[in-house]
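Breakdown of the fold
Chain by chain, the residues run as shown.
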Amino acid sequence: LNADHVTSIASLLSTPSSSLLTTISTSDSSIPTADASDLESFNTDWMNKYKGQSPLIVKPKSTKEVADVVKYCYEHGIAVVPQGGNTGLVGGGVPPKSTKEVADVVKYCYELGIAVVPQGGNTGLMLDNHVGEKGYMMPLDLGAKGSCHIGGNVATNAGGLRFLRYGSLHGNVLGLEVVLPDGRILDGLSTLRKDNTGFDLKQLFIGSEGSIGLITGVSIVTPRRPAAFNVSVFGLNSFEAVQKLFPKVKASLGEILSAFEFFDAHAMSLVKGHATAGVKDPFEAAHPFYVLIETGGSNKDHDDEKLSALLEELIEDEWVDDGVLAENTTQISQLWALRESIPEAAGKAGRVYKYDLSMPVEKMNELVEEMRSRFESKGILGADKMFSSVVGYGHIGDGNLHINIVAKEYSDEAEREIEPFIYEWTSNVNGSISAEHGLGRMKAEKIGYSKSDESVRIMQDLKKLFDPKGIFNPHKYLPGA
Ligand code: FAD
Ligand code: 2HG
Ligand code: ZN
């Protein structure tokens, strides 16, 4: 371990055993509409890849206002594009390219979380801070937590950095309030942990990306916040070493392991070259791969003891080439920043084609390398070429790989160099073409790489059942939508 980076250990919160049930709902007020200068940002996604043409933004502040607006839209055949923090990475939250097919487009940027955030804030970070004061935490944590909304998180079934420990929103969400496309309100803000009465309708809306309803309230399990966090980053010389390390760490740390993330040397270069100030490489030498692990437990001495024994063994028995351990909250944030700032760094380096894939862990780096050698053999990878870099990173502990391909510009020609190759490759290893970001506009027509025709037909039937006029999020999520 590099002693230069060892200082003290963050002490935060408590036992992971009990949970607080948090009910989030909306407040009442008038419906202000945005002025024209607001339109541009609502019509552009986070990557600057998708543009919309919505002429109107509506910001209702209560479920009743949402329902009134949606009912009006339903009666007049007006399309509705729900929008939360607009941090989605598949173009789901921007309106369609053209409004030819529909009379008008209405989008929502509204407030959630009143019950837990009296000021009406509703981003993941604000909710986390709020429940944090009571010793609890939000079960999901994303790099976009400062901007994304809880409604958007549920609508996309976002995964994120704590998934390994706390699992999917399909398990953590206990109830939803949803405004259906015809303006009816589905009032399901239950706080019951167990309820086997009939179909579990809320599950249909988790991950439905605004295609069948607008989520206005969320009831969610918030676990106890651990009393102590530790973060360590390792340098490794091969992807096989990364692969072998995961079961080893899991077996040694057991229930206190809360994240196991990896990134490759290309991602580290991007971060060093383009991320926000303050992000720096803690290692003296470069390594082909890096792994970040986080632990969170109820007893600091117990966690420190467990982790120290493991780190010693990992270095001595050459499981890893080098490692650093954060010893205070500042260092914990600095180490997390190496991993969390990769999307932002890629965005500063150029236009980014993002692929969010599930597949067997042993296949992940094979695909990243195949993409690189494919571009190299065509002479299109390098400074001032069509693509400047291909980086691999992600949530190894969840079998979720992110490939970011940095291009000079978005173009059909560049896209053809990547797709459908990358989807076919993923499908051939029985993977998923969307592990956690969803389908949106980007992959509405690609679902067949991961789902059977019969499954897609049933999904289309469900869409028709909830939204017979097809006014919610047209041209997204499902083929022919
Ligand atoms: P938006 O982008 O506004 O909308 C996303 C989709 O949900 C759209 O289809 C929209 O129509 C729909 N929608 C939004 N609000 C509602 C609502 N209330 N009711 C119904 N439909 C709605 N994602 C992950 O899964 N894991 C990560 O680790 C992760 N990290 C990220 C890091 C960065 C830096 C960025 C920019 C994004 C990241 N994302 C991640 C993607 C994104 O943050 C998530 O998908 C997030 O859940 C989107 O929330 P949002 O409020 O911004 O939704
Ligand atoms: C992450 O894990 C996010 O950092 C974003 O899911 C991934 O930008 C991406 O491709
Ligand atoms: Zn991710």
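In this text the structure is predicted, and so the values were computed from the model without any measurement.

Conventions we followed
Residues numbered from 1 in each chain as written. Chains lettered and ligands numbered in written order. Predicted model: local features only at pLDDT ≥ 70, side-chain atom pairs only at ≥ 80, totals over all residues. Heavy atoms only, no water. Helix = DSSP H or I, 4+ residues; strand = E, 2+ residues; numbered from the N terminus. Buried < 20%, exposed > 50% of the residue type's maximum accessible area, 1.4 Å probe, protein only. Contact = heavy atoms within 4.5 Å. Areas by Shrake-Rupley, 256 points an atom, 1.4 Å probe, with all protein chains shown as cover. Donors = N, O, S within 2.8 Å, 3.2 Å for Na, K, Ca; no water. Axes fitted to C-alpha atoms, helices over the stretch in contact; angles between N-to-C directions. Parallel < 35°, antiparallel > 145°, perpendicular 65-115°, else oblique. Left-handed = near helix turned anticlockwise from the far one by under 90°. Nonpolar A, V, L, I, M, F, W, Y, C, P; charged D, E, K, R; others polar. Patch = residues over 30% accessible without salt bridge, like charges linked within 9 Å, V, L, I, M, F, W, Y side chains within 5 Å. Salt bridge = Lys/Arg side-chain N within 4 Å of Asp/Glu carboxyl O. Lys, Arg positive; Asp, Glu negative; His and termini not counted. Charge placed at Lys NZ, Arg CZ, Asp CG, Glu CD. Arc of directions from axis to C-beta. Pairing = 2+ DSSP bridges.

Glancing now at the overall build of the protein. Secondary structure assignment for the protein yields 16 helices and 14 strands. Counting only residues that meet the buried cut, the protein has 54% of its 481 residues in that class. Restricting the contact set of the protein to residue pairs at least 6 apart, pairs at least 24 apart contribute 78%. Accessible area of the protein: about 19,900 Å², with a carbon and sulfur share of 50%.

Let us look at the coordination of the zinc ion (ligand 3). Around the zinc ion (ligand 3), the protein supplies H395 (NE2), H402 (NE2) and E436 (OE) as donor atoms, at distances of 1.9 to 2.1 Å. Coordination of the zinc ion (ligand 3) draws on donor residues from a single chain, spaced H-x6-H-x33-E in sequence. Separated by 34 residues along the polypeptide, H402 in strand 14 (residues 400–407) and E436 in the loop between helix 15 (421–428) and helix 16 (453–466) bring together distant segments of the chain.

Our focus in this paragraph is the packing of helix 8 (residues 239–253) against helix 10 (residues 300–316). Look at helix 8 against helix 10: their axes get within 10 Å of each other, and the N-to-C directions meet at 150 degrees. Classed by the angle they form, the pair helix 8 and helix 10 counts as roughly antiparallel. For the pair helix 8 and helix 10, the crossing hand works out as right-handed. Of the residues in helix 10, those in contact with L245, K248, V249, S252 and L253 of helix 8 are K306, L307, L310, E313 and L314. Of the residues contributing to the contact of helix 8 with helix 10, the split by class is six nonpolar, one polar and three charged.

Another point: a negative patch on the surface. On the surface, E312, E316, D317, E318 and D321 cluster together into a patch of negative charge. Inspection of the secondary structure puts E312 in helix 10.

Turning next to helix 12 (residues 342–349). Those residues of helix 12 that sit buried are I342, A345 and A346. Burial along helix 12 is one-sided: seen end-on, the buried residues are contained in an arc of 100 degrees. Against the buried residues of helix 12 lie strand 9 (257–264), helix 9 (265–274), helix 11 (329–340), strand 12 (351–358), strand 13 (387–395) and strand 14.

Before going further, it helps to spend a moment on the packing of helix 9 against helix 12. Close contact between helix 9 and helix 12 brings their axes to 8 Å; oriented N to C, the two are set at 70 degrees. As far as their axial angle goes, helix 12 and helix 9 are roughly perpendicular. Where helix 9 crosses over helix 12, the handedness of that crossing is left-handed. In this structure, helix 9 uses A267, L270, V271 and H274 to contact helix 12, whose residues at the interface are I342, A345, A346, K348 and A349. For the contact of helix 9 with helix 12, the class distribution of residues is seven nonpolar, one polar and one charged.

Moving on: the sheet that holds strand 9. Spatially, the seven strands line up as an open sheet ordered 11-8-10-9-13-14-12, and their pairing is antiparallel. Each end of this open sheet is capped by a strand with a single partner; those strands are strand 11 (322–325) and strand 12. This sheet shows a mean twist of 15 degrees between the axes of neighbouring strands, independent of strand direction.

Further remarks concern the environment of G124. You can see G124 is positioned in helix 3 (residues 124–132). Its relative accessible area of 13% is what places G124 among the buried residues. Distance from G124 to D322, taken between C-alpha atoms, is 34 Å for residues 198 residues apart in sequence.

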